[in-house]
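Fold and contact review
Spelled out, the chains give:
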Protein chains: 2
Amino acid sequence: MVSQRPRSRSGVGQTRERLLVAAREEFAARGFDGAKVDRIARRARINKAMVYYHFSSKAALYLAILREQFAAVAVAVSDARGKGGAPVEQLSRYIDTIAHVALARPHFPPMWLREIAEGGRHLDESVLGELRRVLETLAAILKDGREQGAFRPAHPFVIQMGIMAPLMFFVASAPVRLRVGRKLPPAFALPDLEGVVAHVKASTLAVLSTAPAASGSRRASS
Amino acid sequence: MVSQRPRSRSGVGQTRERLLVAAREEFAARGFDGAKVDRIARRARINKAMVYYHFSSKAALYLAILREQFAAVAVAVSDARGKGGAPVEQLSRYIDTIAHVALARPHFPPMWLREIAEGGRHLDESVLGELRRVLETLAAILKDGREQGAFRPAHPFVIQMGIMAPLMFFVASAPVRLRVGRKLPPAFALPDLEGVVAHVKASTLAVLSTAPAASGSRRASS
DNA sequence: GTCTATATTTTGATAGAC
DNA sequence: GTCTATCAAAATATAGAC
């Protein structure tokens, strides 16, 4: 089940990269069961046997990609927290970071949605660990805020849902939104991610904030 | 591609119901590609040939289930809106209704997440139509609120993400949350749906509201 | 309406030459 | 490291008897 990366570095070793890129696209677009090894190989312009040279199975390949994606998210939010600042600022940066990762790694949101739907059947301990790191980063921010009197008590899981879910959903739902929006009155002009980020920030901070909201200061959308 | 329901009503006609129940479970748990017709038949305690007697293909069966689920959501929110009341009340009821449907039909959230991830590949016009009805119901509530000066302008799509996404995500993520939470400090006691509903209501209303928030009146979680 | 085969294709995975 | 050829096991779908 492990990725058994060959240690020799002859040639550019570009094949493995192409394989990973192709697999990421295929898994994101079709899911684990919908993805076909043949198709991955074709996309990567390599032979199917090469897939099994680099990874012991389709499942191992999938897991490697999943792990890399979650690790990237965990590192990103951890780095963001490392920049310090007031709790409100940190939370805002946390949200920006999630949104940024979702944009920079467009395969992450669909894969994450699928894993949720799947009940996490493909998640092993290492991936769960990365997930925990993300949640712990958020929890630390909330704790700081509470101790400094800026935030009221709140459940990290709940806050995480309020942040992560709309962002993942929004990015992943682009194709569906296009199709639904096409037959809707023009007042429904499709929003952009920035609008969603602004909404998530405003709504999350409003719930957490202990300070009376300055009425009229926050935009709800673009 | 259509469900070609036989018109004869001899016997209790229970087979078809069992088939639908089994298929719903299988599709929700495994997705379209992961679901196997053999397994659906076994679960329904019928023969595989019976599946094809009732539905022309696996895809047609899947679509029938998807359509029924989305129609139920559309009807539920439409009914909820029909009960009238002030915009704030209506929006609150809209959120309750979505949460209630997600609980009453536990297969809906995972199927919805998967369809999003899939880019809506299996959604046909009839399903998209139901989806539009849901969005239009929300848009009508927001419009009322805006006209009555209770809500500030907001993008229906964005508001929909802020409501739908956390609820779907939360319900569907129960298994993953269990596994992640198991190794987290006890302060992370798992939240319940009510906590999420309260958060979604509070945060959405806070963003939309034109009235200064009464500081300290809203709980963020349970 | 229901079942027992069975046809046909696809798919994950491997053997073995180069 | 890379390819060709191929196996063995699923999986969708159908024929046809009862």
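First, a word on scope: everything that follows refers to the structure included in this document. (Residues numbered from 1 in each chain as written. Chains lettered and ligands numbered in written order. Predicted model: local features only at pLDDT ≥ 70, side-chain atom pairs only at ≥ 80, totals over all residues. Heavy atoms only, no water.)

Along an α-helix, residues three or four positions apart point the same way, because every turn accommodates 3.6 residues. The end-to-end C-alpha distance of helix α1 (residues 14-34) of chain A, which contains 21 residues, comes to just 26 Å, noticeably less than the 30 Å that a straight helix rising 1.5 Å per residue would cover. Approximately 80° is the largest bend angle found in α1(A), and it occurs at A:Ala28. Here α1(A) has its buried residues at A:Arg16, A:Leu19, A:Leu20, A:Ala22, A:Ala23, A:Arg24, A:Glu26, A:Phe27, A:Ala28, A:Gly31, A:Phe32 and A:Gly34. Those residues of α1(A) that are buried are in contact with α2 (37-44), α3 (48-54), α4 (58-82) and α6 (108-117) of chain A together with α1 (14-34) and α6 (108-117) of chain B. (Helix = DSSP H or I, 4+ residues; strand = E, 2+ residues; numbered from the N terminus. Expected span 1.5 Å × (residues − 1). Bend = angle between axes of the 7 residues up to and from the residue. Buried < 20%, exposed > 50% of the residue type's maximum accessible area, 1.4 Å probe, protein only. Contact = heavy atoms within 4.5 Å.)

Once that is clear, we can look at the relation of the copies chain A and chain B. In the superposition of chain A on chain B (RMSD 0.0 Å, axial shift 0.0 Å), the rotation amounts to 180°. What the superposition gives is, in effect, a two-fold axis relating one chain to the other. No C-alpha of chain A approaches the rotation axis more nearly than that of A:Ser203, which lies at 2.3 Å. A high fraction, 100%, of the interface residues of chain A reappear at the interface in chain B, so the copies pair face to face through one surface. (Least-squares fit on C-alpha atoms with pLDDT ≥ 70 in both.)

All names here are of chain A. Applying the stated criterion across every chain, the model contains 32 salt bridges over all chains. Two residues, Glu 26 and Arg 39, come together in a salt bridge whose shortest N-O distance is 2.8 Å. Residue Glu 26 is located in helix α1, and its partner Arg 39 is located in helix α2; the two are separated by 13 residues in the primary sequence. Of the residues examined, Arg 39 reaches a relative accessible area of 21% and is grouped as partly exposed. (Salt bridge = Lys/Arg side-chain N within 4 Å of Asp/Glu carboxyl O.)

A word on the interface of chain A and chain B. Facing the 70 residues of chain A at the interface are 70 residues of chain B. The three residues of chain A that bury the most area against chain B are A:Phe157, A:Phe169 and A:Arg179, which together make up 12% of that side's buried surface. Applying the counting criterion to the chain A and chain B interface returns 4 salt bridges. Across the salt bridge formed by A:Lys183 and B:Glu125, the nearest N and O atoms sit 3.9 Å from each other. Listing elements by their share of the side of chain A that touches chain B, those giving two or more residues are α1, α6, α7 (125-147), α8 (156-172), α9 (174-181) and α10 (193-208) of chain A. Per-element tally for the side of chain A that touches chain B: the top contributor is α8(A), with 12 residues. (Buried area = accessible area lost by both parts, 1.4 Å probe.)

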